[in-house]
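# Secondary and tertiary structure notes
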Amino acid sequence: MRLLLAEDTVALAKSLAQGLTEEGFTVDVVGDGESALHLATEVAFDVIVLDRMMPAGDGLSVLKALRKKNVATPVLLLTALGEVHDRVDGLEAGADDYLVKPFAFAELLARVRALVRRSAGKPSNVVTVGVLSLDLGARLVSVRGVALELTASEYSLLELLVLQPNTTWSRTRLVEHLYNEESDRDSNVIDVFVARLRKKLDAAGLPNVIATPRGAGYRFDPAAVPA
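No experiment lies behind these values; they were computed from the predicted model shown.

### Things to note about the sheet that holds strand E5 (residues 97-100)
If you walk across this open sheet you meet the five strands as E2-E1-E3-E4-E5, and the pairing is parallel. Bordering the open sheet on either side are strand E2 (26-30) and E5, each of which pairs with just one other strand. With direction set aside, neighbouring strand axes in the sheet form an average angle of 20°. Of the strand pairs in this sheet, strand E4 (residues 75-79) and E5 are connected by four bridges, and their pairing is parallel. Within the sheet, the bridge partner assigned to leucine 76 lies in E5 and is aspartate 97.

### Quick look at the sheet that holds strand E9 (residues 146-148)
Judged by pairing direction, the sheet is antiparallel, and its four strands sit side by side in the order E6-E7-E8-E9 without closing on themselves. Two strands lie at the open edges of the sheet, namely strand E6 (126-129) and E9, each paired on one side alone. Geometrically, the sheet is characterised by an average inter-axis angle of 25° between neighbouring strands, direction not taken into account. As judged from the four bridges shared by E6 and strand E7 (residues 132-135), these two strands associate in the antiparallel manner. Residue pairing in the sheet places valine 126 in a bridge with aspartate 135 of E7. Sitting on the sheet, helix H6 (residues 152-163) touches E6, E7 and strand E8 (140-143), and the angle it makes with E7 is about 110°.

### Let's talk about the side chain of arginine 113
Relative to the helices and strands, arginine 113 is located in helix H5 (residues 105-119). Ignoring anything within four residues of it in the chain, the contact list for arginine 113 reads Glu23, Phe25, Asn125, Leu136 and Gly137.

Conventions adopted
Each chain has its residues counted from 1, running along the sequence as written. In view of the model being predicted, local features appear only for residues whose pLDDT reaches at least 70, and side-chain atom pairs are presented and counted only at 80 or more, with totals across whole chains, interfaces and linings using the full set of residues. The basis for the side-chain values is all heavy atoms of the structure; hydrogens and waters are excluded. Only strands joined by at least two bridges in the DSSP assignment are considered to pair. A run of DSSP states H or I qualifies as a helix once it reaches four residues; a run of E qualifies as a strand once it reaches two. Both are numbered from the N-terminal end. To obtain each axis, a line is fitted to C-alpha atoms, and for helices this fit is confined to the stretch in contact; angles are then taken between N-to-C directions over 0 to 180 degrees. Contacts between residues were defined by any pair of non-hydrogen atoms, one from each residue, lying within 4.5 Å.

Structure below.
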């Protein structure tokens, strides 16, 4: 899952980015509102963490501009302003959730994961499709209760596909969700990850769950997973 972190306090941004990366997110970091608005309208992020007080465009203005442009990406608004009317202003501007500073990283992580689940229509951290189960919190996969050993990249790819079943993802779109702007972005590597993931799923008794519509990319087919 790709996340935009807009936070102008360098130490906090660095700490949050490191923690979110360790938890499996692909993180892009910006420190001002103008950069946040530009990147959020150019890239299909899965979630945005947006500081309310930033130079070159405060978070509330950025949020309103995004919603005006019909950018529906879930937004978690961070702020030092904790009064009721401040929270109401943020939510009415289009925020999906609101977190007051200072906060524990564990709470931010839980709220971010909840936004990802909500946008995918999943009420729980454990997503089950037939005999296949993904624990989004622990980033673990099992088939018929037996753990499936995946690399971080393989898990991220499978998670993205499973959370949006029957959606066909082009290689370019997958790269956009799995890599940040600073990464060496090569869509050909997606084919390598898919091949490795398919081999492991096949060995676990789940062949054909990742379909390849001709010339279109890849999609997860829940109908191919045994009940």
